[in-house]
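Spelled out from the first residue to the last, the chains are:
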There are 2 protein chains.
Amino acid sequence: MKRTGRKSNCPINYSLERIGDTWSLLILRDIVFSGKKTYSEFLDSDERIATNVLASKLVSLEREGILRKSPHPTDKRKDFYTLSEKGLDLIPMLFEMTRWGIAYDSKTEKSVKNFMRKYNKNKTGVIKETIKKVRAGGSVF
Amino acid sequence: MKRTGRKSNCPINYSLERIGDTWSLLILRDIVFSGKKTYSEFLDSDERIATNVLASKLVSLEREGILRKSPHPTDKRKDFYTLSEKGLDLIPMLFEMTRWGIAYDSKTEKSVKNFMRKYNKNKTGVIKETIKKVRAGGSVF
């Protein structure tokens, strides 16, 4: 039987079909934690995403309404990627993923650990503050 | 340059390398929300995972210490999969993924919507209660 369209009506599956892959989530991480906004900035990350993969992920994240693409404010040859409200609403999930990673991984940098300590003490407050910051063009670090 | 070992020291990347794929997260969903515990129960889900993919995901989730494998209490021919403490600690992330899915997906079932309404009102409480329930062998539904 040929599988067409979505695989189920489960909301977790809805999420996974949109952001359930390593590269999409690493792009979101780069925006939220490092304030990256351009193709070349995303390309430059430690995990070394391939150019064709990056290009296709940016297209699908924009199509899903998670990213917004606009002309770069100072360099018109570049595209400028920011999170939509739907994208900003993924920040709580991203933070939980980070918290779990830190809890079981000894290799986390001190700055990230310190930030997550703040988060663990006041999740709602830190999420609210971060969404506001990222919406205004900033980032965690 | 050949890429060996982990791609970076980022804790999100740590998480993604362990549970950042659709099928692993759907197995966790089946355990937490539906109380599934055996290979044949996982195989039976709407998303129709392939047998070889399921087998390999179960091996890697067990190797990462997220799942625990033990003999089935009533049918010794079967393996019995439950979440370790490390696996139970993924429940908050799973819930945030569900919340996001429901917020942007019109197709969610009423029972899931109602549960998440409860979660939105009292996240910490519902997470605590669910971890306790799943640890004892139960599930959300």
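Please read these numbers as outputs of a predicted model, since none were measured by experiment.

1. What to know about the relation of the copies chain B and chain A
In this arrangement, two copies of a chain are superimposed by a rotation about an axis accompanied by a shift along the axis. For the pair chain B and chain A, the best superposition has an RMSD of 0.0 Å and corresponds to a rotation of 180° with a translation of 0.0 Å parallel to the axis. Look at the turn and shift together and you get a two-fold axis relating the two. The residues that chain B uses at the interface reappear at the interface of chain A in 100% of cases, marking a shared surface.

2. Some remarks on the packing of helix α6 (residues 91-104) of chain A against helix α7 (residues 110-121) of chain A
All names here are of chain A. The N-to-C vectors of α6 and α7 enclose an angle of 115°; their axes lie 10 Å apart at closest approach. Judged by the twist between their axes, the crossing of α6 over α7 is left-handed. Mapping the contact onto sequence places Pro92, Phe95, Glu96, Thr98, Arg99 and Ile102 in α6 and Val112, Lys113, Phe115, Met116, Tyr119 and Asn120 in α7. Partitioning the contact of α6 with α7 into residue classes produces seven nonpolar, two polar and three charged.

3. What to know about the confidence of the model for chain A
Residues and elements named next belong to chain A. Per-residue confidence for chain A gives a mean pLDDT of 93; residues scoring 70 or more make up 96%. Considering each helix and strand of chain A separately, the mean pLDDT is smallest for helix α1 (residues 11-19), with a value of 92, and largest for helix α5 (residues 85-88), with 98. The ipTM, which scores confidence in the relative placement of chains, is 0.92 for this predicted complex, and the corresponding pTM is 0.93.

4. Structural notes on helix α1 (residues 11-19) of chain B
One turn of an α-helix holds 3.6 residues; hence residues three or four places apart share an orientation. Counting buried residues along α1(B), eight of its nine residues qualify, which places the element largely inside the surrounding structure. Taken as a whole, α1(B) has its buried residues at B:Pro11, B:Ile12, B:Asn13, B:Tyr14, B:Ser15, B:Leu16, B:Arg18 and B:Ile19.

5. Some details on the nonpolar core
If you look at the biggest cluster of nonpolar residues, it comprises 80 residues, and the most contacted ones within it are A:Ile19, A:Phe95, B:Ile19 and B:Phe95. Ignoring anything within four residues of it in the chain, the contact list for A:Phe95 reads A:Val32, A:Phe33, A:Phe115, A:Met116, A:Tyr119, A:Val126, A:Ile127, A:Thr130 and A:Val140.

6. Quick look at the pattern of salt bridges
Tallied over the full model, the rule gives 20 salt bridges over all chains. Residue A:Glu64 pairs with A:Arg18 through a salt bridge whose shortest N-O separation is 3.0 Å. Here A:Glu64, found in the loop between α4 (51-63) and β1 (67-71), pairs with A:Arg18, found in helix α1; they are 46 residues apart in sequence, far enough to count as distant. Residue classification places A:Glu64 among the partly exposed positions, given a relative accessible area of 23%. Across the pair B:Glu47 and B:Arg29 runs a salt bridge whose closest N-O atoms are separated by 2.7 Å. Linking B:Glu47 in the loop between α3 (39-43) and α4 (51-63) with B:Arg29 in helix α2 (residues 22-34), this pair joins segments that are 18 residues apart in sequence. Several salt bridges converge on common partners, so that one network encompasses A:Asp89, B:Glu96, B:Arg99 and B:Lys123.

7. With respect to the interface of chain B and chain A
Each partner contributes to the interface: chain B provides 47 residues, whereas chain A provides 47 residues. The contact between chain B and chain A buries some 4,300 Å² in all, and 64% of this surface belongs to carbon and sulfur atoms. Taken together, chain B and chain A are joined by two salt bridges. A:Arg99 is paired through a salt bridge with B:Asp89; the nearest N and O atoms lie 3.1 Å apart. Connecting chain B to chain A are 14 residue pairs in polar contact (both at pLDDT 80 or more). Elements supplying a minimum of two residues to the side of chain B that touches chain A: α1, α2, α5 (85-88) and α6 (91-104) of chain B. Element by element, the count of residues in the side of chain B that touches chain A is highest for α6(B), at 12 residues.

Reading guide: rules and limits
Residues numbered from 1 in each chain as written. Chains lettered and ligands numbered in written order. Predicted model: local features only at pLDDT ≥ 70, side-chain atom pairs only at ≥ 80, totals over all residues. Heavy atoms only, no water. Least-squares fit on C-alpha atoms with pLDDT ≥ 70 in both. Contact = heavy atoms within 4.5 Å. Axes fitted to C-alpha atoms, helices over the stretch in contact; angles between N-to-C directions. Helix = DSSP H or I, 4+ residues; strand = E, 2+ residues; numbered from the N terminus. Left-handed = near helix turned anticlockwise from the far one by under 90°. Nonpolar A, V, L, I, M, F, W, Y, C, P; charged D, E, K, R; others polar. pLDDT = per-residue confidence, 0-100. Buried < 20%, exposed > 50% of the residue type's maximum accessible area, 1.4 Å probe, protein only. Core = buried A, V, L, I, M, F, W, Y, C linked by side-chain atoms within 4.5 Å. Salt bridge = Lys/Arg side-chain N within 4 Å of Asp/Glu carboxyl O. Buried area = accessible area lost by both parts, 1.4 Å probe. Polar contact = N/O pair within 3.5 Å; in protein donor to acceptor, adjacent residues only side chain to side chain.

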